[in-house]
Amino acid sequence: IKDIDKTIGGINKTFVMGVNHQEYDPKKHKFISSSTCTGNAIIPLIKIIEKYFGLKNGHLLTIHPVLSDQKLVDVSHSTFSLGRNASTSIIPTPTAIADSVENIFPHLKGKLTSGSYRVPTHIVSAITANFTLDKGTTPKEINEIIKKESENNFKGIISYDNGFRGNSKVSIDYVGDSHSAIYLAKETKTSGNNLTISLFHDNEWGYCSRVHDLINHVKSKKKNE
């Protein structure tokens with residue numbers, strides 16, 4: 001990848017389905033990125049929130065299943081915490097989720113911070129995001145907006161989830177879900193201009209589904225050249 005990157009002069013543009021994929025131009029964009037699994041999960045929601053309420057700053061916390069760069073026994077590792085026992089530990093680790101957001105929304109550069117924990121689960125990640133908005137809202141209002149957007153502009157990308165018969169579901173319930181983000185309506189909290197939202201996403205299948213969508217979008221554009 002590094003050799004390809006040097007040859008063509010770097011990635012031309014990063015695209016997130018539902019957010020900026022319509023900007024793809026086959027004449028300009030020869031080497032593109034589909035962002036990251038966490039980027040695809042939170043970026044559509046940030047677009048909605050900023051559209052309706054404005055966004056001053058925020059903190060993104062992702063809780064991610066074990067990955068292949070971790071170890072099952074304590075050993076030396078370039079990132080010390082990732083060398084600890086992955087099967088029995090909740091491990092703080094660096095994340096580039098804020099960078100993924102800023103790559104799509106450059107005007108938010110420096111306004112977002114992020115953190116991550118790796119946990120010993122099979123699959124499905126969670127994200128909790130805390131935002132300071134330009135104007136306040138209520139859980140009812142923001143939930144109604146997300147629900148409407150999930151059924152229209154972000155259909156197939158965001159899933160609005162209100163639990164099961166009034167009860168919160170758990171991460172394993174979402175294995176194999178092809179949405180980029182499952183918005184957990186029951187977990188929405190507000191206080192003045194402060195908003196907290198939470199979501200789940202199958203960080204492998206959901207991301208692969210959006211890559212598939214982006215490939216088909218690129219194909220359709222090239223066909224019409």
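Before going into details, it helps to say that this report is about the structure given with it. All of these numbers come straight from a predicted model, not from anything done at the bench.

Cut-offs and rules
Residues numbered from 1 in each chain as written. Predicted model: local features only at pLDDT ≥ 70, side-chain atom pairs only at ≥ 80, totals over all residues. Heavy atoms only, no water. Axes fitted to C-alpha atoms, helices over the stretch in contact; angles between N-to-C directions. Helix = DSSP H or I, 4+ residues; strand = E, 2+ residues; numbered from the N terminus. Parallel < 35°, antiparallel > 145°, perpendicular 65-115°, else oblique. Left-handed = near helix turned anticlockwise from the far one by under 90°. Contact = heavy atoms within 4.5 Å. Nonpolar A, V, L, I, M, F, W, Y, C, P; charged D, E, K, R; others polar. Buried < 20%, exposed > 50% of the residue type's maximum accessible area, 1.4 Å probe, protein only. Pairing = 2+ DSSP bridges. Core = buried A, V, L, I, M, F, W, Y, C linked by side-chain atoms within 4.5 Å.

## Thoughts on the packing of helix H2 (residues 37-53) against helix H4 (residues 139-151)
Line of reasoning, step 1. Taken N-terminus to C-terminus, the directions of H2 and H4 make an angle of 125°; their axes are 11 Å apart at the nearest point. What the angle tells us is that H2 and H4 run oblique. The handedness of the crossing between H2 and H4 comes out as right-handed. From H2, Leu 45, Ile 48, Ile 49, Lys 51, Tyr 52 and Phe 53 reach across to H4, where they touch Glu 141, Ile 142, Ile 145, Ile 146 and Glu 149.
Line of reasoning, step 2. Grouping the amino acids of the contact of H2 with H4 by side-chain chemistry returns eight nonpolar, no polar and three charged.

## Observations concerning the packing of H2 against helix H3 (residues 97-104)
Line of reasoning, step 1. At their nearest, the axes of H2 and H3 sit 9 Å apart, and the two run at 55° to each other. Accordingly, the angle class assigned to the pair H2 and H3 is oblique. Crossing hand, H2 versus H3: right-handed. Between H2 and H3, the contacting residues are Thr 38, Gly 39, Ile 42, Ile 43 and Ile 46 on the first element and Ile 97, Ser 100, Val 101 and Ile 104 on the second.
Line of reasoning, step 2. When its residues are assigned to classes, the contact of H2 with H3 shows six nonpolar, three polar and no charged.

## Some details on the pairing of strand S10 (residues 194-201)
Line of reasoning, step 1. Counting buried positions over the eight residues of S10 gives six, a clear majority of the element.
Line of reasoning, step 2. Judged from the eight bridges that link them, strand S6 (residues 125-133) and S10 form a sheet pairing that is antiparallel. Note that in S10 the partner of Thr 128 across the bridge is Ser 198.
Line of reasoning, step 3. Looking at chain direction, strand S8 (residues 181-184) and S10 are connected through two bridges and run antiparallel. The partner of Ile 182 across the bridge, within S10, is Phe 200.
Line of reasoning, step 4. In terms of strand pairing, strand S9 (residues 189-191) meets S10 through three bridges, oriented antiparallel. For Lys 189, the partnering residue across the bridge sits in S10 and is Thr 196.
Line of reasoning, step 5. Remark: two residues form the turn of the hairpin made by S9 and S10, two consecutive strands paired antiparallel; Gly 192 in that turn has positive phi of roughly 60°.

## Considerations on the nonpolar core
Line of reasoning, step 1. In terms of nonpolar packing, the biggest core is built from 40 residues, with Ile 42, Val 101, Phe 131 and Ile 197 touching the most fellow members.
Line of reasoning, step 2. For this core, the element with the highest residue contribution is H2, accounting for eight residues.
Line of reasoning, step 3. Setting aside its immediate chain neighbours within four residues, Val 101 contacts Ile 42, Ile 43, Ile 46, Leu 60, Leu 108 and Leu 112.
Line of reasoning, step 4. Listed in part, the seven residues of the second largest apolar core include Ile 123, Tyr 174, Ile 182 and Leu 184.

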